[in-house]
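# Structural overview for review
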Amino acid sequence: MAASGIDKALGISPQVLALRTQRMNLLTANIANADTPNYKARDIDFRSALEQAKTSLAQLNMTNTRHMPLAGSAEQPTVMFRQPLQESTNGNTVDAQSEHAAFMENAMRYQASLQLLDNRIKGIKNAIKGEA
Amino acid sequence: MSLFDAMDIAGTSLSAQTVRLNAIASNMANANTVSSTPEDTYKAKTPLFKAVLESQLSGDASQMGVQIDRIEELGDEPRAEFNPGHPLADENGYIYRPDIDVATEMVNMMQASRSFQNSIEAINTAKQLAMRTLTLGK
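Analysis parameters
Each chain carries its own residue numbering, running from 1 in the written order of its sequence. Chains carry letters from A onward and ligands carry numbers from 1 onward, assigned in written order. Confidence filtering applies because this is a predicted model: local features only for residues at pLDDT of at least 70, side-chain atom pairs given and counted only at 80 or more, and all residues used for totals across whole chains, interfaces and linings. Excluding hydrogens and water, the side-chain values take into account all heavy atoms of the structure. Strands are runs of DSSP state E lasting at least two residues, helices are runs of H or I lasting at least four, and both sets are numbered from the N terminus onward. Only protein chains enter the accessibility calculation, which uses a 1.4 Å probe. A residue is then buried if its area is under 20% of the maximum for its type, exposed if over 50%, and partly exposed in between. Residue contacts are defined here by distance: any two heavy atoms, one from each residue, within 4.5 Å place the two residues in contact. Polar contact criterion, stated in full: a pair of N or O atoms within 3.5 Å, where within protein one must be able to donate a hydrogen and the other to accept it, and residues adjacent in sequence count only if both atoms are side-chain atoms. Definition of nonpolar core: a set of buried residues of the types Ala, Val, Leu, Ile, Met, Phe, Trp, Tyr and Cys, connected through side-chain atoms within 4.5 Å.

### Focus: the environment of Glu 99 of chain A
Residue and element names in this part refer to chain A.
- Looking at the element boundaries, Glu 99 is found in helix 4 (residues 96-129).
- Owing to a relative accessible area of 0%, Glu 99 belongs among the buried residues under this scheme.
- For Glu 99 and Ala 29, which are 70 residues apart along the polypeptide, the C-alpha to C-alpha distance reads 10.0 Å.
- Residues contacting Glu 99, with those up to four places away along its chain left out, are Leu 27, Asn 30, Ile 31, Ala 41, Arg 82 and Val 94.
- A polar contact of 3.0 Å, which involves the side chain of Glu 99, links it to the side chain of Asn 30.
- Only 2.8 Å separates the side chain of Glu 99 from the side chain of Arg 82, close enough to count as a polar contact.

What follows is the structure, encoded as structure tokens:
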């Protein structure tokens, strides 16, 4: 069970990174389709998606000693359509500015989680090596 | 589901916007092309975008890229111009020019280049994040 010990030490960061990646793909799709007629902007509610990812991890039943715990994959989050502030005449609901802001925010938070994960890994490495 | 998907999606946008820029360039280049009959006159072209599931491009089902659906020819009537001295004038002395508004095309071009830049930026950010993830724990 050494692997799950390390998993535990890594905390929730792997799930966060997986979700951030998913959200990034969605936001990229929104930016890419900024000029596509009738395209509807989509996003995920990060809080509930993370909650989902956490509970789905906790619910995993391990009935055999050789069962492996679920790796840091966030469950497919619920994708929702964005409510447009102002709809354009071609039925497109992408607001390029807010999508950009959300994209950058998501990237920053991804880096923050990455930094946390990095520090934890360094801590574990130090513990393994027995260095100060 | 990886950071490379983001690059793929933004990449579809780059190629779509390139087609759009090509169409605009073609329209502007032919804005002053004259001909002897209305039928032969150059028709302005405009590409129509379509959201396409990334699964049709690679494997993932949840992400949408963009693709050129088709290229439409705008049905604007050519402008007839009375110019009997022109070598291409018909028997009534008319030549025909395509009804292309260069200002509209310029605006369209700026929009396309902005969208292109946006996608490039998305790719760059995805690349930076991927690079940082690769050096995790070093």
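From this point, things continue past the structure.
### With respect to the nonpolar core
- Leu 17, Met 24, Phe 103 and Tyr 110 of chain A together with Leu 3 and Leu 129 of chain B are the most contacted members of the largest nonpolar core, which has 19 residues in total.
- Elements supplying a minimum of two residues to this core: helix 2 (13-32) and helix 4 of chain A together with helix 1 (3-29) and helix 3 (102-134) of chain B.
- The element that contributes the greatest number of residues to this core is helix 4 of chain A, accounting for seven residues.
- Once residues within four sequence positions are removed from consideration, Tyr 110 of chain A is found in contact with Leu 17, Arg 20 and Thr 21 of chain A together with Leu 3, Leu 129 and Thr 133 of chain B.
- Counting residues in each nonpolar core, the second largest holds 10 residues, with Ala 29, Ala 32, Ala 41 and Val 94 of chain A among its members.

Functional significance is not addressed by these values, which are geometric in nature.
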